Amino acid sequence: MFILLGKSIYSFIWLFLLFNLVHPFPKPANVVAYVGLAAFVITHGLQAWLLQSTMTNQEKQQDKFKALRLFIFGVFETISWKNKK
């Protein structure tokens, strides 16, 4: 239940930060949103890159969207993988 809540909160945060690119908020809020978007892209990108670099070719073919889900949902995706095993 908490994993689903965390994933939905991350989805809302991504939508909020990406909405700022289309329709910028007033001056102090848009700077915070740009910094937040940069932080999200860097941290989640590093997580997805590390996962992609450690996967074998067979694992990459089995689940092609694993790195994308990790990029979007971050740590909540890794917790859901841990709970599935």
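Remember, predicted model here, so these are calculated numbers, not experimental data.

**A look at the UniProt feature "transmembrane region" (unreviewed entry) in the protein chain**
Thinking step 1. The UniProt record marks residues 9–25 and 31–51 with the feature "transmembrane region" (unreviewed entry), using the residue numbering of this structure.
Thinking step 2. Helix makes up 82% of residues 9–25 and strand 0%, with an end-to-end C-alpha separation of 20 Å.
Thinking step 3. The distance separating the terminal C-alpha atoms of residues 31–51 is 30 Å; by composition the span is 100% helix and 0% strand.

**Considerations on the packing of helix α1 (residues 2–22) against helix α4 (residues 66–73)**
Thinking step 1. Between α1 and α4, the shortest axis-to-axis distance is 9 Å and the interhelical angle comes to 75 degrees. Comparing their axes, α4 and α1 come out roughly perpendicular. Facing α1, whose interface residues are Lys 7, Tyr 10, Ser 11 and Trp 14, α4 presents Phe 71, Ile 72 and Phe 73.
Thinking step 2. Of the residues that constitute the contact of α1 with α4, the class distribution is five nonpolar, one polar and one charged.

**A word on the packing of aromatic side chains**
Thinking step 1. Scanning the entire structure with this criterion turns up six aromatic pairs.
Thinking step 2. Judged by centre distance (5.5 Å) and plane angle (50 degrees), the rings of Tyr 10 and Phe 40 are tilted. Placement of Tyr 10 in helix α1 and of Phe 40 in helix α2 (residues 27–54) is noted, with a sequence separation of 30 residues between them. Exposure class is identical for Tyr 10 and Phe 40. Each is buried.
Thinking step 3. An angle of 45 degrees between the planes, with centres 5.9 Å apart, marks the rings of Phe 19 and Phe 25 as tilted.
Thinking step 4. A relative accessible area of 43% means that Phe 19 is categorised as partly exposed.
Thinking step 5. Grouping aromatic residues by their ring pairs yields a cluster made of Tyr 10, Trp 14, Phe 40, Phe 71 and Phe 76.
Thinking step 6. Note that Lys 7 overlies the ring of Phe 73, its terminal NZ or CZ placed 5.3 Å from the centroid.

**Examining the side chain of Asn 20**
Thinking step 1. Summarising the element assignment, Asn 20 is placed in helix α1.
Thinking step 2. On the basis of relative accessibility, which here comes to 0%, the residue Asn 20 falls in the buried class.
Thinking step 3. In terms of polar contacts, Asn 20 uses its side chain to reach the backbone amide nitrogen of Phe 25, at 3.0 Å.
Thinking step 4. In contact with Asn 20, not counting residues within four places along its chain, are Phe 25, Asn 30, Ala 33 and Tyr 34.

The rules behind these values
- Residues numbered from 1 in each chain as written.
- Predicted model: local features only at pLDDT ≥ 70, side-chain atom pairs only at ≥ 80, totals over all residues.
- Heavy atoms only, no water.
- UniProt positions renumbered as here; feature names shortened; annotations may be inferred.
- Helix = DSSP H or I, 4+ residues; strand = E, 2+ residues; numbered from the N terminus.
- Axes fitted to C-alpha atoms, helices over the stretch in contact; angles between N-to-C directions.
- Parallel < 35°, antiparallel > 145°, perpendicular 65-115°, else oblique.
- Contact = heavy atoms within 4.5 Å.
- Nonpolar A, V, L, I, M, F, W, Y, C, P; charged D, E, K, R; others polar.
- Phe/Tyr/Trp six-rings, centres within 6.5 Å; stacked < 30°, edge-to-face > 60°.
- Buried < 20%, exposed > 50% of the residue type's maximum accessible area, 1.4 Å probe, protein only.
- Lys NZ or Arg CZ within 6 Å of the ring centre and 35° of its normal.
- Polar contact = N/O pair within 3.5 Å; in protein donor to acceptor, adjacent residues only side chain to side chain.

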